[in-house]
Amino acid sequence: MIFISVGTQLSFDRLTKTVDSWLSSHAEEEAFFQIAEGEYQPKNGVVQKYVGADQYQQIFEESDLIISHAGMGTIISALESGKSVIVMPRRFSLGEHRNDHQMATAERIGELGGAEVAWCEEELLAKLDDYKQGKKVTSGALSENGNLASLCTFLDGYLLQDAK
Amino acid sequence: MKSDVKKVLAVASFGGHWTQLNRLMPFFDKYETRFITTESSVQKLRPQVRIVRDANRNTKLSILICSLQLIWQLLIFRPHLIVSTGALPGVIALTLGRLMGCKTVWIDSIANGEELSMSGKLAGKVAHQWLTQWPNLATEQGPHYRGRVL
C-alpha cells in the first residue's frame, strides 16, 4: 500500500492530486490519502482528513511506500520504520506554508538520514515510476551518528547538576 | 532501570514535534517521565500520556484552556525538569514551569534549519537551556547546539 500524508496542519492538494493522477493508471496499487483540509478529493484510494496516532501506526505498518510533505514527523517515522519515503516540499510561493522551511529541510535531507526528494510534480511522477519498476527509492536508513546520544548526555548533565 | 528519582515532564504538540520528543526516549527512560501532548488518540496506544488543548497564537481561548491544564499537570506532578520540542503549548509549559522553579529546556524543531520558529524565538526568553538542532543557527548568546534527534 502507498500512504500519502500531508501532515497535521495544512492542506497540500498539489501532492495529493499528483499521486492520484498516477494512481489512476495504476489501479492495482492500494492507497490511503490523509489530506487535512484539502479541497481536492482523491479518487483512487481511501481518503481521510486526519488519522489518529493509533491508526497512523497501523497504516504505516501496512504501507510499502510513504509519500509526504517535507515534514519532520513523517520523515522521522519513515526512517525509524525503515520504509521508503518520497517527500515533496511545500512552497511558500504557492501558499502551501507560512515560509519555505520545508524547502530547507528537503535540501538538508541527506544530512538528516536520506529520504528521497521530489522537487516538483514531474519528479514525483518519475519517482513513482521508479518505485513501480522495483527500484529502491530511498535508503530508509537511520544511521547511528552520536547526535542523539550527545543530546541525551547533555540533558542528563543538566538535570543532575545542582545549581541552575 | 531508574538511575534517579528525578521527575521529568516532556511536552510537545502532536505531529512532528511529538515525534521528535519521543526520539529522546533513551533520556526519558532513565527518570520518572510524564508525557503531555495535544491529540487524545495517543492514549489508545499509551494510556499514561496526558492530553492538553492544542493552542497557537491565533486561538486565545485555547491558550487559556491549555495554560490552565498545564498548571494543573505541573501542580500534581511537580517535575524537576521540563523538556519541550514545540510548539506553543511547550512554550507555555516552560514559562509556567520556570515560575514554579523547574529547570527548563527548549529543543527547537529539526524542521527549522534556517531560522527559528516563532515559538522557538519566544522560548529563548523563558527556557534555561535554549537549544537548536542546527549548528549553523547556534550563537554564543543562544540558541546552543548540543546534538539532535537524528
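Above this text you will find the structure in question.
Residues numbered from 1 in each chain as written. Chains lettered and ligands numbered in written order. Predicted model: local features only at pLDDT ≥ 70, side-chain atom pairs only at ≥ 80, totals over all residues.

Enquirer: An account of the overall build of chain A is needed here, citing residue identities and associated values.
Expert: Broken down by element type, chain A carries seven helices and six strands. The order of α-helices and β-strands along chain A, N terminus first, is β-α-β-β-α-β-α-β-α-α-β-α-α. Along the longest, intermediate and shortest principal axes, the C-alpha atoms of chain A span 60 × 35 × 30 Å. Relative to its full complement of 164 residues, chain A shows a buried share of 41%. Taking contacts inside chain A between residues at least 6 apart in sequence as the whole, the part at least 24 apart equals 55%. (Helix = DSSP H or I, 4+ residues; strand = E, 2+ residues; numbered from the N terminus. Buried ≥ 20, exposed ≤ 12 C-beta atoms within 10 Å, placed from the backbone. Contact = placed C-beta atoms within 7 Å.)

Enquirer: I'd like a rundown of the overall build of chain B, residues and numbers included.
Expert: Check the secondary structure of chain B and you find six helices and seven strands. Secondary structure elements of chain B occur, N-terminal to C-terminal, as β-α-α-β-α-β-α-β-α-β-α-β-β. Radius of gyration (C-alpha) of chain B: 14 Å, near the 15 Å computed for a compact globule of 150 residues. If you line up chain B on its principal axes, its C-alpha atoms span 40 × 40 × 30 Å. A total of 150 residues make up chain B; the buried ones form 49% of that total. Taking as baseline every contact in chain B between residues at least 6 positions apart, the subset at least 24 positions apart corresponds to 53%. (Rg over C-alpha atoms; globule rule 2.2 N^0.38 Å.)

Enquirer: Could you give an account of the sheet that holds strand β6 (residues 129–132) of chain B, with specific residues and numbers?
Expert: All names here are of chain B. Taking strand neighbours across the sheet as the criterion, the seven strands line up as β3-β2-β1-β4-β5-β6-β7 in an open arrangement whose pairing is parallel. Strands with a single pairing partner mark the edges of an open sheet, and in this sheet they are β3 (50–51) and β7 (144–145). With two bridges connecting them, strand β2 (residues 32–37) and β3 associate as parallel partners. Pairing of Ile 36 across the sheet is with Arg 50, part of β3. Against the sheet, helix α5 (residues 88–99) contacts β1 (7–12), β4 (81–86) and β5 (103–107), and its axis sits at roughly 160 degrees relative to β4. (Pairing = 2+ DSSP bridges. Axes fitted to C-alpha atoms, helices over the stretch in contact; angles between N-to-C directions.)

Enquirer: An account of the interface of chain B and chain A is requested, with residue identities and associated values reported.
Expert: Facing the 34 residues of chain B at the interface are 28 residues of chain A. Put simply, the parts of the chain that give the side of chain B that touches chain A at least two residues each are α1 (16–22), α2 (25–28), α3 (42–45), β4 and β5 of chain B. Residues that form the side of chain B that touches chain A fall into these classes: 14 nonpolar, 12 polar and eight charged. (Nonpolar A, V, L, I, M, F, W, Y, C, P; charged D, E, K, R; others polar.)

Enquirer: Which residues make up the packing of helix α4 (residues 60–77) of chain B against α5(B), and what values go with them?
Expert: Residues and elements named next belong to chain B. Where α4 meets α5, the closest approach of the two axes is 10 Å, and the angle between their N-to-C directions is 50 degrees. In terms of axis orientation, α4 runs oblique to α5. In this structure, α4 crosses over α5, and the sense of that crossing is right-handed. Each of Cys 66, Ser 67, Leu 70, Ile 71 and Leu 74 in α4 lies in contact with α5, whose residues at this interface are Pro 89, Ile 92, Ala 93, Leu 96 and Gly 97. (Parallel < 35°, antiparallel > 145°, perpendicular 65-115°, else oblique. Left-handed = near helix turned anticlockwise from the far one by under 90°.)

Enquirer: Now, about the sheet that holds strand β1 (residues 2–5) of chain A: what can you tell me, with residues and values included?
Expert: In sheet architecture, strand pairing relies on hydrogen bonds along the backbone and comes in two forms, parallel and antiparallel. Residue and element names in this part refer to chain A. Pairing is parallel across the open sheet formed by six strands, whose spatial order is β3-β2-β1-β4-β5-β6. Each edge of the open sheet carries a strand with a single partner, namely β3 (46–48) and β6 (116–117). Strands in contact with helix α1 (residues 13–23) are β1, β2 (31–34), β4 (65–69) and β5 (84–88); relative to β1, the strand with the most contacts, it is inclined by about 155 degrees.

Enquirer: Any chance you could break down the environment of Thr19(B) for me, citing the residues and the numbers?
Expert: All names here are of chain B. Along the chain, Thr 19 turns up in helix α1. Look at Thr 19 and you get buried, because 22 C-beta atoms sit within 10 Å. Residues Thr 19 and Val 149 lie 130 residues apart in sequence; the distance between their C-alpha atoms is 9.7 Å.

Enquirer: Run through the nonpolar core, naming residues and quoting values.
Expert: Proteins that are soluble and globular tend to have nonpolar side chains buried together. In terms of nonpolar packing, the biggest core is built from 80 residues, with Ile4(A), Ile75(A), Val87(A), Ile82(B), Val83(B), Val105(B) and Trp106(B) touching the most fellow members. Per-element tally for this core: the top contributor is α5(B), with six residues. In this structure, Ile75(A) is in contact with Val85(A), Val87(A) and Ala115(A), ignoring residues within four places of it in sequence. (Core = buried A, V, L, I, M, F, W, Y, C linked by C-beta atoms within 7 Å.)

Enquirer: Describe helix α7 (residues 147–160) of chain A, with residues and values.
Expert: In this model α7(A) runs 20 Å from its N-terminal to its C-terminal C-alpha over 14 residues, within 8% of the 20 Å that 1.5 Å per residue would give. Of the residues making up α7(A), those classed as buried are Leu151(A), Cys152(A) and Leu155(A). Along the long axis of α7(A), the arc covered by the buried residues comes to 95 degrees, so they all point the same way. On the buried face of α7(A), the contacting elements are α2, β4 and β5 of chain B. (Expected span 1.5 Å × (residues − 1). Arc of directions from axis to C-beta.)

Enquirer: Please set out the pairing of β4(B) residue by residue, giving values where relevant.
Expert: All names here are of chain B. For β4, the buried fraction is high: six of the six residues fall into the buried class. Pairing analysis gives five bridges linking β1 to β4, with the strands arranged parallel. Its bridge partner being in β4, Leu 9 is matched across the sheet by Ile 82. Read as a crossover between parallel neighbours, the route from β4 over α5 to β5 is right-handed. (Right-handed = clockwise from strand over helix to strand, strands pointing away.)

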